Structures are given as C-alpha cells and as structure tokens.
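Below are the chains, spelled out letter by letter.
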Amino acid sequence: MNRTTLISLKTLAWLACLAPLAWLVWGVVTNNLGADQTHTIAFATGRTALRLLAISLAITPLRRLWPRLSWLVKFRRLIGLFAFFYATLHLLCWAALYANLDPAAMAADVVKRRYVTAGMLAWVLLVLLAATSTQWAIRKLGGRRWNRLHSLVYVAVVAGIVHYWWQVKPGVRTPLAMTVVVAVLLVSRPVLAWWQKQKKATAAVAKSG
Amino acid sequence: MLIGKPADIASAEITSLSDYRKFMSRRKLLKGAALAGAAALGAERVAEFLSPQTVRAGTKLQTVPSQLTTTGEQLTSYTDATTYNNYYEFGVDKDQPAKNAGRLPTRPWTVKIEGKVAKPLTFDIDALLKLRPLEDRVYRHRCVEAWSMVIPWVGYSLSELIKQCNPLSTAMYVQFLSYFDAKVEGAWMSQSSISWPYSEGLRMDEAMHPLTLLTFGMYGETLANQNGAPMRVVVPWKYGFKSAKSIVTIRLTDKMPSTTWNDMAPGEYGFYSNVNPNVDHPRWSQKTERRIGQPFYAQHKATLMLNGYADQVGSLYSGMDLKRNF
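About the thresholds
In every chain, residue numbers begin from 1 and rise along the written sequence. Numbering of ligands from 1 and lettering of chains from A proceed in the order in which they are written. Residues qualify for local features only when their pLDDT is at least 70, as the model is predicted, and side-chain atom pairs are given and counted only at 80 or more; totals for whole chains, interfaces and linings, by contrast, use all residues. Heavy atoms throughout the structure, all of them, feed into the side-chain values; hydrogens and water do not. Helix and strand labels come from DSSP, where a helix needs a run of H or I of at least four residues and a strand needs a run of E of at least two; each type is numbered from the N terminus. Throughout, exposure labels follow a simple rule: accessible area from a 1.4 Å probe, protein chains only, divided by the maximum for the residue type, with under 20% read as buried, over 50% as exposed, and the rest as partly exposed. In what follows, residue pairs with any heavy atoms lying within 4.5 Å of each other are defined as contacts. Using the Shrake-Rupley algorithm and a 1.4 Å probe, accessible areas are obtained, with residue cover drawn only from the displayed protein chains. Here, expected helix span is obtained from the residue count minus one, scaled by 1.5 Å. Here a salt bridge means any side-chain nitrogen of Lys or Arg lying within 4 Å of a carboxyl oxygen belonging to Asp or Glu. Polar contact is the term for a pair of N or O atoms within 3.5 Å; when the atoms are in protein, one must be able to donate a hydrogen and the other to accept it, and sequence-neighboring residues count only if both atoms are side-chain atoms. Three residue categories are used. Nonpolar comprises Ala, Val, Leu, Ile, Met, Phe, Trp, Tyr, Cys and Pro, charged comprises Asp, Glu, Lys and Arg, and polar comprises the others, including Gly. Two rings from Phe, Tyr or Trp (for Trp, the six-membered ring) form a pair when their centres sit within 6.5 Å of each other. Planes less than 30 degrees apart are called stacked, planes more than 60 degrees apart edge-to-face, and all others tilted. Lysine NZ or arginine CZ positioned within 6 Å of the ring centre and within 35 degrees of the ring normal marks a charge as sitting over the ring. The pairing criterion is simple: DSSP has to find at least two bridges between the two strands. In predicted models, pLDDT denotes the confidence assigned by the predictor to each residue on a 0 to 100 scale. Think of each axis as a best-fit line through the C-alpha atoms, taken over the contacting stretch in the case of a helix, with angles from 0 to 180 degrees between the N-to-C directions.

Draft legend 1. A look at the overall build of chain A. On a plain count of helices and strands, chain A comes out with 9 helices and 0 strands. Reading chain A from its N end, one meets helices and strands in the order α-α-α-α-α-α-α-α-α. Sorting the 209 residues of chain A into buried and exposed places 37% on the buried side. Looking at chain A alone, contacts between residues at least 24 apart form 67% of all its contacts between residues at least 6 apart. Summing over all exposed atoms, chain A offers an accessible surface of approximately 12,400 Å²; the carbon and sulfur share of this is 70%.

This is the structure in structure tokens:
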C-alpha cells in the first residue's frame, strides 16, 4: 500500500471513529438527544466503545482468513485507542451525570454494583493497554511480553459484555447481538490457528509426497 | 385530606395553566390542520406516511378539576410522555411502543371485575368513561429506572369502580391483567423472556386509596395506546411498573397475586415497590432521579419519599419495615 492510500484511509478511519461523538455533540447543540439525555449519552458512548473493541478484535481473524488484508493491522491501534476514548467518555458520563462527581457515591457504586465493577475492570485494563500502545513501549517490553500484556484485551472485552448484561433488566436480550459477535471473534482465533496448521501440514505432506 | 404540598421549584420553571392551554390549543390547531389535510387527500395513510411517528390524535375528554392534583411541577411535554415509554409488549426500547402500539385494538373493549366480589361485573369501556366525572390530576411519575415525568392524567379513583362490585371481606389484594394477544404483540415477544399477560397488583387498602387513579386520559384527551389505552391505573407513590396499562381484568383475591417483574427478579422489584430514596435498587441508587425533557446537566433531582405523596399515603405503611417490604 502506498503512502497516499494509507493517509487517506487513516483519515477516513479517524472520521468514522469520531462520527459517534459528532452525533452526540450535534444532539447537544440542537437539543435533540431524546427525552432522557443522560441515558442517551451513557448508552451511545458505551455502545461505541464495545463496537470499536469488537472491530479491533476482528482484524486478526480477517488477516488469517485473507492474507491480502494484512495491511488492516495498521489500523488496529487507532481503533483500539478510540475504543478507550469512548470508554473514558462513558466513565466520565457515569461519574458526572449519575454519581454527581461525589467520590463516596462512586466508590459505593464500584463496590456494591457488580455491573459497575465489571465496567470499571474493563476500563482499567484499557488504560493499561492504551498506556503501552506506543512503539517505545513495545521496544521497551519486548514483543513477547507486550503481546502477552495485550492479550488482556480479551479480558477487557468480556468484562465489557458482562457489564452490559448485568446492566439491563433480567429477561431483556438487547446485548445478545453484540455478545454473539464478540463470541465469534474470540472463538475464531483457536479455530483459525488450527485450520492454518492443518493447511500447512497438508501442504508439507503434498510437497514430500 | 391533605393536598400534596408544592415542591421546591423556581416559579419560572412552572408552566402556567394559560401556557398549558395555549400549548393544548396549538396542538389542537395543528391536529385539525393535519386531519383536514389528510381528509382532503382522502387517506389517513398519507399522513401516516409523511410522519410515521406522529401519535394518533386522541379524543378530547370532558373533565373537572380535582383536589388531589399535584401542584408546583413543570409538566413533561406531550411528545416526551408519548414517545419515551416502557411497554414491553410492543418492544423493549423506549421508542418502540410509540411506533408499534397502534396495533392495539382499543374498541370494542371490555373490563371484567371478578374474584372476591359479591357482584362480578363486565363493563364496556364507554360505560366506564361515564361512571363518574373525569378529573384532571397531575401526578409525578417515577420509574424504577430512576427517570421521572410529571403528567396530567384524566380519570377517577379506582375505588369508585371497585365499590360497584361489592368486594367481599376476604378480598385482600387486587390484581390487574393487561391485554395480551400473541397475534398482535407476538412480534416483540422474543425481545425478552417475560411470560404474558402483564400482571400487577396492589394491597386492597392501596387500591381503595383515593390517589389510586383509574385512568382514561392524559393532557385532556384519551390515552395514547403506548401509555396504556384505553384504561390503566396510575399509582403515583409507586414505581411506574406498578401502574398496569391497557387493563382487561381486575381480580380481587385473598392471596398476594403474582406480578410480572416480581416474578422476573424478586430481588430487584418488590411487590410493594414504593418510591423510596433510602432503598437502593441492587443496580443503582434511588436517591436521585433524572427528570425527562431537561438538558443533561439539569436532569438530576432528589427523589422524594413515596414520590412526594407521603402525607397522603404514609399511614398505609405505618409500622412496616419498608426496607424489607421494598
């Protein structure tokens, strides 16, 4: 991929990632955020964080399936950092609009309410990943250790999904679609690894025969 | 009888009655124009096609003022009250009932009163509308999800209807069953694992309390379908889900009836479900609420004990541990 294509694609990715925020800001400006504005903001930021996290997790399986799409990896950090950005907005929304910036209320929420605990865990993990997302951090940690650290993204996304299920009313199935998508993305990893090993083995047999 | 005392609220925030009337007449004018236009085009469908989310025009109701109305609160806009609803039979998202509840057949409609009564009766909805003068009653409406509205309902006390059937002394509870027909609402059944019809209930003394309103209208006209047309109850000191919508059966019982949300999650939704800032929902605090229709930075309000109706209904619970009987 040449430089111009990369730059234009990155610009597009930035715009796409900023679109949900732009939609919210536009909603505030035009007073068009629905009847329960606080809920609209909380839901939109949380959902976007999970969606971006899922998209960032789709890149590895896509590359495995179609090696020609290998260049997608150049967008993974960008998407992951935007997921962290929206998760942070989501957290700020909770702190300011739900807990009224009251430290006692926030602490009580984290300790007493398991959906907040799960959400907080996901966010803390994303902080770690975002803080070590630079080239410098990769060099400093070394590839293997960095990879191991960054597999925490699996814990973060599962915590995010659990947070979603624990937040909705019992019996409500709204988080189901997102759960299925994330489950497929997680299961696809061992499945694709196994499939590739098989393919390689067959190729080796064919060569030696 | 004590009347609800005004909450602390800036006078500038209060919608004056003349503003409300102006708002109502403007709405009527717009509706009239829309209707005339639609008629001229010869099809109701055209109007529906042009603005599919428009709430169908209600019928104006003859009303009288009521001593039991709540004063000092700014009314929630008609649009917010009719487009932000929990009515899971028509979808679990807040905007779905407004889009889907048009399928609810509100005529003909009969209401059965049965169980521990000397005189079981079945009423036609139009007879019920004429049973007693319809009163205008503004009530605060507090959802268990920690949002709230202020709505001008139209109806009369539920006790007026129950008295008609001569309840037996063994009648301890009242159960309300809502309309359900899988042919009408089946499309949204897969969104939750709730077993229909929706059931709610009150203790007999709660049901007979004059504040418990048998409700036929809001904002001076018949209820929009998504708000529980053609008839619902409104119990202003309890979380909103206690106020069953689109009621077809009222059953007086000697045992506590099973109720939908209590069955789904007994740890989250108690039978009483009185509004109580001191008893948290397991998943959020009930100390504050978000007033619908306000900008996000101004939505927060302190939640009042029994939703501000403690003076009137507090005595129903004297000696009861409201933390245990939440």
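There's more to say after this.
Draft legend 2. Fine view of the overall build of chain B. Along the backbone of chain B there are 10 helices and 13 strands. By the burial criterion, 53% of the 326 residues in chain B qualify as buried. For chain B, the proportion of contacts with a sequence separation of at least 24, taken over those separated by at least 6, is 73%. Here chain B displays about 14,400 Å² of accessible surface, and carbon together with sulfur accounts for 56% of that area.

Draft legend 3. Up close: the side chain of His-150 of chain A. Residue and element names in this part refer to chain A. Its location among the elements puts His-150 in helix 7 (residues 143-150). For His-150, a relative accessible area of 15% corresponds to the buried category. Not counting the four nearest positions on each side in its chain, His-150 is found in contact with Leu-129 and Thr-132.

Draft legend 4. Expanded view of helix 3 (residues 76-98) of chain A. For helix 3 of chain A, built from 23 residues, the straight-helix expectation of 33 Å at 1.5 Å per residue is met to within 8% by its first-to-last C-alpha distance of 32 Å. When we look at burial in helix 3 of chain A, the residues that qualify are Leu-78, Ile-79, Phe-82, Ala-83, Tyr-86, Ala-87, Thr-88, Leu-91, Cys-93, Trp-94, Ala-95 and Leu-97 of chain A. For helix 3 of chain A, the secondary structure elements touched by its buried residues are helix 1 (3-29), helix 2 (37-65), helix 4 (103-112) and helix 5 (114-131) of chain A together with strand 13 (300-302) of chain B. Two residues or fewer after helix 3 of chain A comes Asn-100 of chain A, characterised by a positive phi angle close to 55°.

Draft legend 5. The arrangement of the interface of chain B and chain A in detail. The interface of chain B with chain A comprises 32 residues on the first partner and 22 residues on the second. Among the salt bridges present, the one from Arg-290 of chain B reaches Asp-36 of chain A, with a minimum N-O distance of 2.8 Å. On inspection of chain B and its partner chain A, the count reaches 19 residue pairs in polar contact (both at pLDDT 80 or more). Residues of the side of chain B that touches chain A, tallied by class, amount to 14 nonpolar, 11 polar and 7 charged.

Draft legend 6. The arrangement of unusual backbone geometry in detail. For the peptide bond that leads from Trp-196 of chain B to Pro-197 of chain B, omega is 5°, which places it in the cis range. Looking at the secondary structure, you find Pro-197 of chain B in the loop between helix 7 (182-185) and strand 7 (199-203). The peptide bond linking Ala-229 of chain B to Pro-230 of chain B adopts the cis configuration, its omega dihedral lying at -5°. Positionally, Pro-230 of chain B belongs in the loop between strand 9 (221-222) and strand 10 (232-234). Located in the positive-phi region is Asn-100 of chain A, a residue other than glycine, with phi close to 55°.

Draft legend 7. Representation of the packing of aromatic side chains within the structure. As enumerated under the stated definition, the model contains 21 aromatic pairs over all chains in all. When the centroid spacing of 5.1 Å and the interplanar angle of 85° are considered together, the rings of Tyr-87 of chain B and Phe-90 of chain B count as edge-to-face. Classification of Phe-90 of chain B as buried rests on a relative accessible area of 0%. Ring centres 5.6 Å apart and planes at 85° place the aromatic pair Phe-271 of chain B and Tyr-272 of chain B in the edge-to-face group. Residue Tyr-272 of chain B is classed as buried on the basis of its relative accessible area of 8%. Pairwise contacts between aromatic rings join Trp-14, Phe-82, Phe-85 and Tyr-86 of chain A into one cluster. In this structure, Lys-10 of chain A is placed above the aromatic ring of Phe-75 of chain A, and the distance from its NZ or CZ to the ring centre is 5.8 Å. The ring centre of Phe-271 of chain B lies 4.2 Å from the NZ or CZ of Lys-242 of chain B, which sits over that ring.

Draft legend 8. Fine view of the environment of Val-25 of chain A. Residues and elements named next belong to chain A. Structurally, the position occupied by Val-25 is in helix 1. Here Val-25 falls in the partly exposed class, since its relative accessible area comes to 47%. C-alpha separation for the pair Val-25 and Ile-41, spaced 16 residues apart in sequence, amounts to 9.8 Å.

Draft legend 9. The arrangement of the pairing of strand 5 (residues 147-157) of chain B in detail. All names here are of chain B. Buried residues dominate strand 5, accounting for 11 of its 11 residues. Relative to strand 5, strand 4 (residues 135-142) is paired through 8 bridges, and the arrangement is antiparallel. Paired with Glu-135 across the two strands is Gly-155, which belongs to strand 5. Direction of pairing for strand 5 relative to strand 12 (residues 288-291): parallel, over a ladder of 2 bridges. Note on strand 12: the bridge partner recorded for Ser-148 is Arg-291. With 5 bridges connecting them, strand 5 and strand 8 (residues 213-218) associate as antiparallel partners. Across the sheet, Gly-155 pairs through a bridge with Thr-215, a residue of strand 8.

Draft legend 10. How the structure looks around the confidence of the model for chain B. Residue and element names in this part refer to chain B. Across chain B, the average pLDDT comes to 87, with 83% of residues at 70 or higher. Every residue in residues 4-12 is under pLDDT 50, and counting partners more than four places away or in other chains gives 11 contacts. Confidence over residues 35-56 falls short of pLDDT 50; this stretch has 11 contacts with residues more than four positions distant or in other chains.

Draft legend 11. Region of interest: the sheet that holds strand 2 (residues 110-115) of chain B. Residue and element names in this part refer to chain B. If you walk across this open sheet you meet the 5 strands as 3-2-11-6-7, and the pairing is mixed. Strands with a single pairing partner mark the edges of an open sheet, and in this sheet they are strand 3 (121-124) and strand 7. Adjacent strand axes in the sheet meet at a mean angle of 15° when their direction is disregarded. Note: strand 6 (residues 173-178) against strand 11 (residues 247-253), 6 bridges, orientation antiparallel. By the bridge assignment for strand 11, Ser-178 is matched with Ile-247.

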